[in-house]
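Close look at the chain arrangement
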Amino acid sequence: MSFQTNIPCPDCGSNILIDSTLLLSGEKFACTNEACSAVLSLDESSITQVRDAFDKYEELKRKSQESTS
Amino acid sequence: MTALVSMAQQFSGLPIKSLIAAPLNAATDANGRMARAQTQFMLSTCFEKEGGELKPIMIKFKLTRSVVKPDGTAGTPVELSFDLPLLTIIPLNSLAVDDVKVHFEMEVKSSNSKDNETSSEQETAAKADITAKYNAGLFSVEVHGSVSHNSKTTSSSKEHYESSNQAKYEIDVHAGQLPLPKGVTTIIDAFTANVAPIQLKPTGAEPQKTTTTKKT
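The following paragraphs examine the structure supplied in this document. (Residues numbered from 1 in each chain as written. Chains lettered and ligands numbered in written order. Predicted model: local features only at pLDDT ≥ 70, side-chain atom pairs only at ≥ 80, totals over all residues.)

Once that is clear, we can look at the overall build of chain A. Tallying secondary structure elements over chain A gives two helices and four strands in all. Ordered by position from the N terminus, the helices and strands of chain A form the series β-β-α-β-β-α. Expressed as a percentage of its 69 residues, the buried residues of chain A come to 30%. Summarising the internal contacts of chain A: among those between residues at least 6 apart in sequence, 23% fall at separations of at least 24. (Helix = DSSP H or I, 4+ residues; strand = E, 2+ residues; numbered from the N terminus. Buried ≥ 20, exposed ≤ 12 C-beta atoms within 10 Å, placed from the backbone. Contact = placed C-beta atoms within 7 Å.)

Residues and elements named next belong to chain A. Bridge analysis of strand β1 (residues 4-8) against strand β2 (residues 15-19) gives five bridges, and the strand direction is antiparallel. Along β2, the bridge assignment pairs Asn 6 with Leu 17. In textbook terms, the turn of a hairpin is the stretch between consecutive antiparallel strands, and for β1 and β2 this stretch comprises six residues, one of which, Gly 13, has a positive phi near 90 degrees. (Pairing = 2+ DSSP bridges.)

Taking 1.5 Å of rise per residue, the 31 residues of helix α2 (residues 16-46) of chain B would be expected to cover 45 Å, and the 45 Å separating its terminal C-alpha atoms lies within 8% of that figure. All buried positions along α2(B) are accounted for by Ala27(B), Ala30(B), Met34(B), Gln38(B), Thr45(B) and Cys46(B). (Expected span 1.5 Å × (residues − 1).)

Accessible area lost upon the coming together of the parts serves often as the stated size of an interface. On the chain A side, the residues contacting the 36 residues of chain B number 29 residues. Mapped onto the side of chain B that touches chain A, the elements with two or more residues apiece are α2, β3 (58-65), β4 (78-85), β5 (94-111) and β8 (162-178) of chain B. Of the residues assigned to the side of chain B that touches chain A, the class counts are 21 nonpolar, nine polar and six charged. As paired strands, strand β4 (residues 39-42) of chain A and β3(B) are joined by four bridges and run antiparallel to one another. Following the sheet pairing, Ser41(A) is matched in β3(B) by Lys62(B). (Nonpolar A, V, L, I, M, F, W, Y, C, P; charged D, E, K, R; others polar.)

Taken in spatial order, the four strands make up an open sheet running β3(A)-β4(A)-β3(B)-β4(B), and their pairing is antiparallel. Two strands bound the open sheet, and with one partner strand each, they are β3 (29-30) of chain A together with β4 of chain B. Across eight bridges, β3(B) lies against β4(B) in antiparallel orientation. Residue pairing in the sheet places Ile59(B) in a bridge with Leu84(B) of β4(B).

All right, on to the environment of Ala21(B) then. With respect to the helices, strands and loops of the structure, Ala21(B) is situated in helix α2. For Ala21(B) and Val102(B), which are 81 residues apart along the polypeptide, the C-alpha to C-alpha distance reads 9.5 Å.

Turning our eyes to something else, we now look at the nonpolar core. Counting residues in each nonpolar core, the largest one holds 23 residues, and the members touching the most others are Ile16(A), Val50(A), Ala53(A), Phe61(B), Leu86(B) and Ile90(B). Those elements giving two or more residues to this core turn out to be β2, β4 and α2 (47-68) of chain A together with β3 of chain B. The element contributing the most residues to this core is α2(A), with five residues. Other than its neighbours up to four places away in sequence, Ile90(B) contacts Ala53(A), Tyr57(A) and Cys46(B). (Core = buried A, V, L, I, M, F, W, Y, C linked by C-beta atoms within 7 Å.)

Attention now goes to the environment of Ala27(B). All names here are of chain B. Here Ala 27 shows up in helix α2. Since 20 C-beta atoms lie within 10 Å of it, Ala 27 is described here as buried. C-alpha separation for the pair Ala 27 and Asp 98, spaced 71 residues apart in sequence, amounts to 8.7 Å. Not counting chain neighbours up to four residues away, the residues in contact with Ala 27 comprise Val 97, Val 100 and Val 173.

Let's shift gears to the environment of Pro179(B). Turning to its location among the elements, Pro179(B) is positioned in the loop between β8 and α3 (182-193). C-alpha of Pro179(B) to C-alpha of Leu92(B): the two residues are 87 residues apart in sequence and 10.0 Å apart in space.

Written out as structure tokens, the structure is:
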């Protein structure tokens, strides 16, 4: 299950919307500012680290939902 | 007829305090557990211990920018790498129970009805024929008489009693997102600001961080 997040564009400061699943699959994300040509992607060296973090985050969300249901 | 049930008496024994407090206590406990789990997650996943200090785990991103030559033609795109704290891309939000609704509905319905229907049925029948004859010389008198009696009595008894109690107890719990604590927001903002590249001045001056304007 993917989730969306955003980080500020290093070039112009606008938001770059990121989908967790697409990020891990190597997709590139363009800045939402049309005048900015920045494109962002996750370096291959960090994919494993980010995947682990995302998995743990999903587990945390699942546990939170269980505790309220 | 049996007396109707006293409504006040029916409600007097209800554990109203428990009915209301129990769901609220459960929600508070759930909130506490979620807060602890999120803190634990943040510290264990997004930070690493180095010499007794927690340092943010950095991940590497690639940034590609288009280049436009002075003559207006497209140049070779420039790719640069930068490190970003892992914490800034995890959508941490304070998941918590933000709404608890307790609905308690109790209906005490008491009704008595007693129907008595009495009827008796008794049937008797009697019949008598009387014949009398009198002769007096040339005359003769004859009298015929008939008497009959019929009686019918029916008896029945019917009793009906009805009573009902209804109780409904509903608890709605909704978990939503609470704003992050100010301290956590400040940490994330500080990390996020580090995404901006550091621009060096041409004459060996101290590195100066570029200021970026956030568009919201």
